[in-house]
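Structural overview for review
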Amino acid sequence: SQKIEQNSEALNIQEGKTATLTCNYTNYSPAYLQWYRQDPGRGPVFLLLIRENEKEKRKERLKVTFDTTLKQSLFHITASQPADSATYLCAPGYSSASKIIFGSGTRLSIRP
Amino acid sequence: DTEVTQTPKHLVMGMTNKKSLKCEQHMGHRAMYWYKQKAKKPPELMFVYSYEKLSINESVPSRFSPECPNSSLLNLHLHALQPEDSALYLCASSQVPSGASSTDTQYFGPGTRLTVL
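Anyway, here's the lowdown on the structure attached to this text. (Residues numbered from 1 in each chain as written. Chains lettered and ligands numbered in written order. Predicted model: local features only at pLDDT ≥ 70, side-chain atom pairs only at ≥ 80, totals over all residues. Heavy atoms only, no water.)

1. Examining the environment of Tyr32 of chain A
Residue and element names in this part refer to chain A.
- Positionally, Tyr32 belongs in strand β4 (residues 32–38).
- Its relative accessible area of 0% is what places Tyr32 among the buried residues.
- A C-alpha to C-alpha distance of 4.0 Å links Tyr32 and Arg51, two positions 19 residues apart in sequence. (Helix = DSSP H or I, 4+ residues; strand = E, 2+ residues; numbered from the N terminus. Buried < 20%, exposed > 50% of the residue type's maximum accessible area, 1.4 Å probe, protein only.)

Right, dumping it as structure tokens:
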């Protein structure tokens, strides 16, 4: 069956360091992979999308990689700040379907 | 306008009540979604509407009844709910994927916090 796993339920790092979150999927061949941020009691907010033919995508302090051989995406936040503390969700996607299945999420805490 | 609005923000209802959740978007999206989210879990898909027609029902109990009156509005009618239905209910919208380069990036509302007593 299809499975999406995010490396850890919670990740605590020091402000200024790079946070790296992992998303692994099995029994999927997604055309792209999306990352969302969710703050407590709020809806997820779209951050980045990376397509299967792209190795890396950047947006300000965010970087996403996509390795279709390893079936893995890495999400990096450089120069992390306490305001980056949130839950981050990955979601593989297909161009022909309107159905997102989210990974379990990683709760990131950045301590000052 | 990239906003999805949901009303009410909070709802407390008894098991015999009938209530409705409302969602609205003006981004021209023709796909709209309802999700249920329990604490410390990811959002779980309930329903998908595509061009105002129900395209996906993830085996949701009939006490939840969705409705899409037009391309901007999505309702979720609630009747005879159980305490375990208490959760954050999220609405989202997206373009309808069509073609190799299209995506279903979703825009979420703030959610309705539902408590069933």
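2. Quick notes on the pairing of strand β3 (residues 19–26) of chain A
Residue and element names in this part refer to chain A.
- Sheet topology note: the strand β1 (residues 3–6)/β3 ladder contains four bridges and is antiparallel. Residue pairing across strands places Glu5 opposite Asn24, the latter belonging to β3.
- Of the pairings in the sheet, the one linking β3 to strand β8 (residues 72–77) comprises six bridges and is antiparallel in character. Its bridge partner being in β8, Asn24 is matched across the sheet by Gln72. (Pairing = 2+ DSSP bridges.)

3. Side note on the interface of chain A and chain B
- The partner chain B presents 27 residues to the 22 residues of chain A that form the contact.
- For the side of chain A that touches chain B, the elements supplying multiple residues, two or more each, are β4 and β5 (45–51) of chain A. (Contact = heavy atoms within 4.5 Å.)

4. Topic: unusual backbone geometry
- A cis amide bond links Thr7 of chain B to the next residue, Pro8 of chain B, at an omega of -10 degrees.
- Structurally, Pro8 of chain B can be placed in the loop between β1 (4–7) and β2 (10–13).
- Even without being glycine, Glu60 of chain A reaches a positive phi, approximately 55 degrees.
- Looking at the secondary structure, you find Glu60 of chain A in the loop between β6 (56–59) and β7 (62–67).
- Positive phi outside glycine occurs at Ala79 of chain A, with the angle close to 45 degrees.
- For Ala79 of chain A, the location among the structural elements is in the loop between β8 and β9 (86–93).

5. Topic: the pattern of salt bridges
Residues and elements named next belong to chain A.
- What the rule picks out here adds up to ten salt bridges over all chains.
- A salt bridge links Glu9 to Arg107, with the shortest nitrogen-to-oxygen separation between them at 3.9 Å. Remark: Arg107 occurs in strand β10 (residues 106–111) and Glu9 occurs in the loop between β1 and β2 (10–14); sequence separation between them is 98 residues.
- Taking the relative accessible area as the measure of exposure, Arg107 reaches 31% and is therefore partly exposed. (Salt bridge = Lys/Arg side-chain N within 4 Å of Asp/Glu carboxyl O.)

6. Here's the deal with the packing of aromatic side chains
Residue and element names in this part refer to chain A.
- As enumerated under the stated definition, the model contains eleven aromatic pairs over all chains in all.
- Measuring from centroid to centroid gives 5.4 Å for Phe75 and Tyr88, while their planes differ by 35 degrees, and the two rings are tilted. With Phe75 in strand β8 and Tyr88 in strand β9, this residue pair connects regions lying 13 residues apart in the sequence. Take Phe75 and Tyr88: they sit in the same class, and that class is buried. (Phe/Tyr/Trp six-rings, centres within 6.5 Å; stacked < 30°, edge-to-face > 60°.)

7. Notes on the side chain of Asn75 of chain B
Residue and element names in this part refer to chain B.
- With respect to the element layout, Asn75 can be found in strand β8 (residues 73–79).
- Looking at Asn75, the relative accessible area reads 9%, which means it is buried.
- Each residue touching Asn75, except ones within four places of it in the same chain, is listed here: Leu21, Lys22, Trp34, Ser65, Pro66, Glu67 and Pro69.

8. Remarks on the sheet that holds β5 of chain A
Residue and element names in this part refer to chain A.
- Strand order in the open sheet made by the five strands is β2-β10-β9-β4-β5, with mixed pairing throughout. Each end of this open sheet is capped by a strand with a single partner; those strands are β2 and β5. Between one strand and the next, the sheet's axes are offset by a mean angle of 25 degrees, whatever the strand orientation.
- Bridge count for β2 against β10 is five bridges, and the pairing is parallel. Bridged to Asn12 within β10 is Ser109. (Axes fitted to C-alpha atoms, helices over the stretch in contact; angles between N-to-C directions.)

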